[in-house]
Amino acid sequence: MILLSILRVGDEAYGVPIAREMETTGGRTVVLSAVYTALDRLEGNGLVSSSMGDPTPERGGRAKRFFRVTPTGLKAVRQTRKALTQLWAGLTQLEGGRS
Amino acid sequence: MNTRHPSRFAVTLLDRFVADEALKGDLVESAVDRTVFWFWHQVLSALLAQTISSVRATPRLATEAMLVAAAMLALIGFNAVVVANLLSHMLLLNDGDWILHSGRYASAQVYATAPLFALAVLSGRAIGAIHREHRVWAILACSLAASTAAFVNYYLFVPTVPLQPFIPSPAQQTAVALLFVGGLFIGISSRSTCEPLPSL
């Protein structure tokens, strides 16, 4: 979900818009520190890379940390989509229901 | 209820205990159009996450820190209760009749915990200002503040002092002392210039 959010936000993907994207699509409040914990783990696994921006006054002089999905991360996203699509296929219990 | 400016105390907690500058910046930036509840929820979650990752990164250091803090909490809390009781008995021996009328606000003790804790944090911040250069004085100030708080608690909230054992209501008094000492520690930590835990 975090990888997809980074991809949807694009070049301006730092903590705030990533969390907002997850809240909008997921429909629930996101804890920013949990997002960062997951991002650190993804970066450790080589699925995302990060770079520091310039400090800005509205952030109390603190810099933004921008995230990008690496080619390895893109590959992982595609594999996950393929696996999920296969899992969804043929589930008759979920057909015709309201949700 | 929205907040234009995040709580200074919350930001101080972040600056003091959270190492990730980008996370702190994100929280401050988001506070502009979020509720106070949301901001505090995020701050407390960040503190918890930082604590967990610090313990995982330096388990020995974290264990030592927790043991020392627990020992200090217990020692200062015990000291405060004993000193307060000794003081009250000395006053009784020296015609301190006023202590006989102690505990007239016993029913209001639960309402006094919040201001007592706030007072402890403020006292801790004052002590934190001298903590690095004058550590002995800081420890003595901690003991004095905790003992005074315990004595005031004893006089205001513990009824019929002379008719009770040497340390009446020990659990209640110890809880109050620990609450006060915990507030002192938080106040000192928010201002002390001690070396922080290593960044992760």
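Values in this document were obtained by computation on a predicted structure and should not be read as measured data.

Description of a nonpolar patch on the surface
Taken together, the side chains of Leu84, Leu87, Trp88, Leu91 and Leu94 of chain A present a nonpolar region at the surface, about 530 Å² in accessible area. Take Leu87 of chain A: it is sitting in helix 4 (residues 71-88).

A closer look at the pairing of strand 1 (residues 48-56) of chain A
In the sheet, strand 1 of chain A pairs with strand 2 (residues 62-69) of chain A via seven bridges, with the strands oriented antiparallel. Looking at the pairing, Met52 of chain A lines up with Arg65 of chain A of strand 2 of chain A.

Here's the deal with the packing of aromatic side chains
Residue and element names in this part refer to chain A. Summed over the entire model, instances satisfying the criterion amount to three aromatic pairs over all chains. Between Tyr14 and Phe66, the ring centres sit 5.7 Å apart and the planes meet at 75°, which makes this aromatic pair edge-to-face. Here the residue Tyr14 occupies a position in the loop between helix 1 (2-9) and helix 2 (15-26), and Phe66 occupies one in strand 2, the gap between them amounting to 52 residues. Pair check on accessibility: Tyr14 and Phe66 agree, each one buried. Judged by centre distance (6.1 Å) and plane angle (70°), the rings of Tyr36 and Phe67 are edge-to-face. Taken together, the positions of Tyr36 in helix 3 (residues 32-44) and Phe67 in strand 2 put the pair 31 residues apart, joining distant regions of the chain. For the pair Tyr36 and Phe67, a shared accessibility class is recorded, and that class is buried.

Some words on the interface of chain A and chain B
Taken residue by residue, the interface counts 19 residues in chain A and 21 residues in chain B. Both faces combined, the contact of chain A with chain B buries some 1,600 Å², and carbon together with sulfur accounts for 50% of it. Between chain A and chain B we count six salt bridges in total. Between Arg59 of chain A and Asp26 of chain B there is a salt bridge, with the nearest N and O atoms lying 2.6 Å from each other. Across the contact surface, chain A and chain B share 11 residue pairs in polar contact (both at pLDDT 80 or more).

Here's the deal with the pattern of salt bridges
Here the structure, examined in full by the defined rule, presents 13 salt bridges over all chains. Of the charged contacts, one joins Arg34 of chain B and Glu23 of chain A as a salt bridge, the two residues approaching to 2.9 Å between their closest N and O atoms. Residue Arg34 of chain B is found in the loop between helix 2 (21-30) and helix 3 (36-57), and its partner Glu23 of chain A is found in helix 2; the two belong to separate chains. This pair shows no difference in class: Arg34 of chain B is buried, exactly as Glu23 of chain A is. The structure contains a network of salt bridges with shared partners spanning Arg62 of chain A together with Asp15, Glu21 and Lys24 of chain B.

Cut-offs used in this document
Residues numbered from 1 in each chain as written. Chains lettered and ligands numbered in written order. Predicted model: local features only at pLDDT ≥ 70, side-chain atom pairs only at ≥ 80, totals over all residues. Heavy atoms only, no water. Patch = residues over 30% accessible without salt bridge, like charges linked within 9 Å, V, L, I, M, F, W, Y side chains within 5 Å. Areas by Shrake-Rupley, 256 points an atom, 1.4 Å probe, with all protein chains shown as cover. Salt bridge = Lys/Arg side-chain N within 4 Å of Asp/Glu carboxyl O. Helix = DSSP H or I, 4+ residues; strand = E, 2+ residues; numbered from the N terminus. Pairing = 2+ DSSP bridges. Phe/Tyr/Trp six-rings, centres within 6.5 Å; stacked < 30°, edge-to-face > 60°. Buried < 20%, exposed > 50% of the residue type's maximum accessible area, 1.4 Å probe, protein only. Contact = heavy atoms within 4.5 Å. Buried area = accessible area lost by both parts, 1.4 Å probe. Polar contact = N/O pair within 3.5 Å; in protein donor to acceptor, adjacent residues only side chain to side chain.

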